[in-house]
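Observations on chain architecture
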Amino acid sequence: MSGPGLVLDAGSKMRSAASEEAALEDLHRLGCTDGLPVIIPTVSRVDRMVLAGGMGPDLSLGTIGPLDGSATVRSVAICAVMAGCRPDYFPVVLAAVSALCDPVLDIGEVQVTTHNAGPMIVVNGPARYDCGPFESGTGALGPGNQANASVGRAIRLCLLNIGGARPGIADMALTGQPAKFTFCLAEAEEDSPFPPLHVRLGYDAGQSVVTLLTAEAPRSLFCQVTEDVADCSDRLLRQLGEAVASRASNNGSWGIGEAAIILNPEHAQVLARAGLNLSDVAQQVSAFSMKPRRQLHGPAYPPGLDLDVLIGLAPEQLLIMVAGGGGVYSMVVNSWGGGVHQNRHVCAEVSYGASCEVPRPLR
Amino acid sequence: MSDVIDFAQVELPAVALVTEKFADEAIFVARARGMPDAPWLQLPHPVAGIGDPAMRALATDLVPRLIASFRGAR
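A brief structural summary.

**Concerning the overall build of chain B**
- Within chain B, the secondary structure is distributed over three helices and two strands.
- For chain B, the N- to C-terminal ordering of α and β elements is α-β-α-β-α.
- Here the C-alpha coordinates of chain B stretch approximately 35 × 25 × 20 Å along the principal axes.
- Across the 74 residues that make up chain B, the buried fraction comes to 28%.
- Sequence separation of at least 24 residues holds for 64% of the intrachain contacts in chain B that already meet a minimum separation of 6.

**Side note on the packing of helix α3 (residues 73-83) of chain A against helix α7 (residues 146-161) of chain A**
Residue and element names in this part refer to chain A.
- Across the interface, α3 lies against α7 with an axial gap of 8 Å and an inter-helix angle of 130 degrees. With respect to each other, α3 and α7 are oriented oblique. You can see that α3 and α7 cross each other, and the crossing is right-handed. Where α3 approaches α7, its residues Val76, Cys79, Ala80, Met82 and Ala83 are matched on the opposing element by Ser150, Arg153, Ala154, Leu157, Cys158 and Asn161.
- Taken together, the residues of the contact of α3 with α7 break down into eight nonpolar, two polar and one charged.

**Some remarks on the sheet that holds strand β11 (residues 329-333) of chain A**
Residues and elements named next belong to chain A.
- The four strands lie next to each other as β6-β11-β7-β10, forming an open sheet whose pairing is mixed. The open sheet has two edge strands, β6 (219-222) and β10 (318-322), and neither has a second partner. Sheet twist, expressed as the average angle between the axes of neighbouring strands with direction ignored, equals 25 degrees.
- For β6 and β11, the ladder comprises four bridges, and the chain directions are antiparallel. Bridge pairing in β11 places Phe222 opposite Tyr329.
- The sheet contacts of helix α9 (residues 229-244) involve β6, β7 (259-263), β10 and β11, and relative to β6 the element is tilted by about 155 degrees.
- Across the sheet, helix α11 (residues 265-273) lies against β6, β7, β10 and β11, angled at about 95 degrees from β7, the strand it touches most.

**Focus on the interface of chain A and chain B**
- Contacts between chain A and chain B engage nine residues on the former and eight residues on the latter.
- For the chain A and chain B pair, buried surface summed over both sides reaches about 730 Å², with 69% attributable to carbon and sulfur atoms.
- Looking at the side of chain A facing chain B, the largest losses of area belong to Leu67, Ile169 and Met172 of chain A, adding up to 51% of the total buried there.
- In this assembly, chain A and chain B are joined by one salt bridge.
- The partner of Asp68 of chain A in a salt bridge is Arg33 of chain B, and the shortest N-O contact between them spans 3.3 Å.
- Taken together, the residues of the side of chain A that touches chain B break down into six nonpolar, two polar and one charged.

**Here we look at the packing of aromatic side chains**
Residues and elements named next belong to chain A.
- Under the criterion given, the structure shown has two aromatic pairs over all chains.
- Each ring, one from Tyr89 and one from Phe134, has its centre 6.1 Å from the other, and the planes form 55 degrees; the classification is tilted. Of this pair, Tyr89 sits in the loop between α3 and α4 (90-100) while Phe134 sits in the loop between α6 (127-130) and α7, and the two are 45 residues apart along the sequence.
- On the accessibility criterion, Phe134 (6% relative accessible area) is buried.

Conventions adopted
- Residues numbered from 1 in each chain as written.
- Chains lettered and ligands numbered in written order.
- Predicted model: local features only at pLDDT ≥ 70, side-chain atom pairs only at ≥ 80, totals over all residues.
- Heavy atoms only, no water.
- Helix = DSSP H or I, 4+ residues; strand = E, 2+ residues; numbered from the N terminus.
- Buried < 20%, exposed > 50% of the residue type's maximum accessible area, 1.4 Å probe, protein only.
- Contact = heavy atoms within 4.5 Å.
- Axes fitted to C-alpha atoms, helices over the stretch in contact; angles between N-to-C directions.
- Parallel < 35°, antiparallel > 145°, perpendicular 65-115°, else oblique.
- Left-handed = near helix turned anticlockwise from the far one by under 90°.
- Nonpolar A, V, L, I, M, F, W, Y, C, P; charged D, E, K, R; others polar.
- Pairing = 2+ DSSP bridges.
- Buried area = accessible area lost by both parts, 1.4 Å probe.
- Salt bridge = Lys/Arg side-chain N within 4 Å of Asp/Glu carboxyl O.
- Phe/Tyr/Trp six-rings, centres within 6.5 Å; stacked < 30°, edge-to-face > 60°.

Written out as structure tokens, the structure reads:
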């Protein structure tokens, strides 16, 4: 992706092409795509997307670094069209971009770091259906889920085209990662014995919320479920502690940032049957994550530090949710932890309703 | 480079130290943030992990350039 790029903002110039095929090649050449074909953002498609957001096209949701481009509703709509979003999804995209622009996420730093972090988007509340459907069950992070795939991709295209994160020029991630194409799922609230993520983060269950964490690619965690609930929950908690603070990750090496835990519904049930609530789970996972610095870094590096200090993640550094199909695998998602705010998670409420062009579907 | 621009905006002198692999990024950020002439000096890459002797040699070379840059040399 070596093109000079196209800054998408309220002042973007209109481009023309002889055909959609020619327009696609033009967008590839300009470096405006993620390398895959995009839907051409024609005026009518973008206008329909803007309408579905219920906000004025020139309203800016904030700026996205390192370019500090203004994320206007129109520029975000262009990216959403290109990503293949249906207009129904657009309120979720707008909420995610609002979160993206929150300084706490440190997105400007995230974009330019040599680490591979990219935003993971978790959708909670009624918008999972009303603005989707977003997949929360089997394969939620896999292919074939239009809302998950296109919303995550829209955010990536915003990062490229509004934030200017061209790989090798401003996105300095050493290898990149597949989740930099798209990384979006919904929580399986109905399959969870625990309160959903957004409720634990201070919202009401009836609110629709996106939570963003700039993260590495997710990793599998194995734990066979058995009838011995106490044994099974203990094994699972130990595995989670090991995984969230893998000594190879920034989280585990330095105790910085946050990690997300995506429990599959069976694993969540095991913990609930063991009498644990999510506060208990976080406390115990945190305890199992702690290791003496001596064990993490050895005696020589870095010099001058107390090698007996325990390094790991505190309970409040763990974001726990339920998603995926039931079985022996859950997922753990580490993060970068750099930036002024350690690129902590950010939430934003999804706003939709009467002003939206797309009617709310019957449940 | 962003830090240099932040400092400049509050009228504090600053010079960015950028290794050669990040030179394109430095130029991009300086232009993007509207300060294409923000001062920066290029260093060899990498700097981290090169050991004390190499680091001292690098600093010995760098300090006069840094002082000159603060004094306005381009």
